[in-house]
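Listed below, chain by chain, are the residues.
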Amino acid sequence: MRGVAGMGVRHAVVAGGGIGGLAAAVALNRRGWGVTVCERAPVLTGIGAGIVLAPNALRALDSIGLGPDVWAGDALLGPVGLRAPDGTWLSRTGAGATSSRHGPPARAVHRGSLIDALAAALPPGVVHLGVAVTGVDDTGNTGDRADTVVVRTSAGDLRADVVVAADGVRSGLRGRLFPRHPGLRHAGEAGWRAVLPGFGPPPRSAAETWGRGERFGIVPLVDGRIYVYATAAGPGTKPADHHAELIRRFGAWHDPIPALLDRLGRRNPDPVRVLHHDFYELASPLPRFHSGRVALLGDAAHAMTPNMGQGGCQAIEDAVVVAHLLADDADVPAALAAYTEARHRRTTRISRRSRRIGELARLSHPLAVSARNLAVRATPSAVTSRALDTVLGWQPPSGPAPTVRA
Ligand SMILES: Cc1cc2nc3c(=O)[nH]c(=O)nc-3n(C[C@H](O)[C@H](O)[C@H](O)COP(=O)(O)OP(=O)(O)OC[C@H]3O[C@@H](n4cnc5c(N)ncnc54)[C@H](O)[C@@H]3O)c2cc1C
């Protein structure tokens, strides 16, 4: 493994080969940076779940060469709706309306496909598997090495002009750079996720159903499979049998939920893996997303609840913005300060909004649930759609990067 900072081409070390780290590697590589990605896991893998790529993320991906043709299949996500457990629609947004308002309609892909597409956009030899980043050290940098940092890894030290900390929700680098930050807090919910093979006529629309402290989501993926998820309020005690627990909670909800649960429980031909996780978010925003020559990105910088489906989308936005600001011969610490300036307010607002949606979705008192459902039904879909303008209407930076000098 090479860390070749200080030899002409500037070099970035990316800690973490997840969505944000790989997107940053692609974006930096396209800007002429040499890149080394260190991924702790022995394989690059998107966990067995879907992910919704909203228009803002699709635009960001397009700007780094991963345009619509990368997402094989023609099933677009939409219309999108919110339902009650008896099937009543509480709100419904047409895909066409969303499309013209916010740009490319959202697409839902398997996480593995997203990781594969990002990795395939990198030159060979960039990603190093089974290598954990354990620390970053800029002490003792003198002379012609003053402009680099040492990255400590399980496979030895590397030198880099910039480090991208994309090591996820439980980021070790975050803890080292901001030791006084309180870290994560439980988001009040736990959830199940699974990807089912397609069967029968595929559901054409994505919908989330809100009950009392429980939710069930159905999202058709572009490849014909169906991504289902469910949540329940409270810290999740691990049920002995996830399938039985899902049937107990959601088995009497509207169609096609019982059929999907039935499918989930079948053992032939292949058992479907059901993931179950508690949700966490940062207890408070970090003071900034950089420290010296290190930029934090994605969940390492702003782990948020999944209620808006924006965590990964924001990681991709971060990647595009940081690479834009680091273009040409930008001064690295100044570019990273500009990165915090560009990203902190936006991601903090989206995190707060996502948390508020979770609070509404988790209501369980029957009166509160009725009032919530009435309010949702009374809100015109145009208003709901307009309220997402600032999130979904984001545009990637274009043109030359601003001159960022020390
Ligand atoms: C239930 C649920 C549903 C979600 N749905 C959506 C959605 O629809 N749309 C959306 O945009 N977002 C969604 N998200 C959020 C999204 O999954 C995350 O925001 C996104 O994965 C963050 O990407 P990341 O690259 O920051 O972290 P990750 O994807 O977690 O990647 C971090 C990587 O770093 C590696 N790593 C960790 N420590 C080290 C180390 N020391 N050295 C080297 N490597 C290391 C890990 O192995 C991992 O590969 C959802 C989240 C949840 C929990």
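What you see is a predicted model; the values in this text were computed from it and never measured. (Residues numbered from 1 in each chain as written. Predicted model: local features only at pLDDT ≥ 70, side-chain atom pairs only at ≥ 80, totals over all residues. Heavy atoms only, no water.)

Draft legend 1. Examining the pairing of strand S14 (residues 214-220) more closely. Counting buried residues along S14, seven of its seven residues qualify, which places the element largely inside the surrounding structure. Here S14 shows two buried faces, one formed by Glu214, Phe216, Ile218 and Pro220 and the other by Arg215, Gly217 and Val219. Sheet topology places strand S13 (residues 206-210) next to S14; four bridges connect them, and they run antiparallel. Counted as the bridge partner of Thr209 is Phe216 from S14. (Buried < 20%, exposed > 50% of the residue type's maximum accessible area, 1.4 Å probe, protein only. Helix = DSSP H or I, 4+ residues; strand = E, 2+ residues; numbered from the N terminus. Pairing = 2+ DSSP bridges.)

Draft legend 2. View of the pattern of salt bridges. Across all of its chains, the model carries 15 salt bridges by this definition. A salt bridge links Glu214 to Arg249, with the nearest nitrogen and oxygen atoms 2.6 Å apart. On the criterion of sequence distance, the pair formed by Glu214 in strand S14 and Arg249 in helix H6 (residues 242-250) is long-range, its members being 35 residues apart. Accessibility expressed as a relative area gives 15% for Glu214, which makes it buried. (Salt bridge = Lys/Arg side-chain N within 4 Å of Asp/Glu carboxyl O.)

Draft legend 3. View of the site of the ligand. The local shell around the ligand holds 27 residues, among which Gly20, Glu39, Arg111, Asp299 and Cys313 are the closest. Side-chain polar atom of Arg111 to an oxygen atom of the ligand: 2.8 Å apart, as the coordinates give it. Taken by itself the ligand offers 1,000 Å² of open surface, and the protein chains cover 82% of this. Of all the secondary structure elements, the ones that give two or more residues to the shell around the ligand are helix H1 (19-30), strand S2 (34-39), strand S3 (50-53) and helix H9 (311-325). A breakdown of the residues in the shell around the ligand according to their chemical character gives eleven nonpolar, ten polar and six charged. (Near = heavy atom within 4 Å. Polar contact = N/O pair within 3.5 Å; in protein donor to acceptor, adjacent residues only side chain to side chain. Areas by Shrake-Rupley, 256 points an atom, 1.4 Å probe, with all protein chains shown as cover. Nonpolar A, V, L, I, M, F, W, Y, C, P; charged D, E, K, R; others polar.)

Draft legend 4. Local environment of the side chain of Ser91. Here Ser91 shows up in strand S5 (residues 89-93). Taking the relative accessible area as the measure of exposure, Ser91 reaches 18% and is therefore buried. Among all residues touching Ser91, those that are not within four sequence positions of it are Val80, Gly81, Leu82 and Val376. (Contact = heavy atoms within 4.5 Å.)

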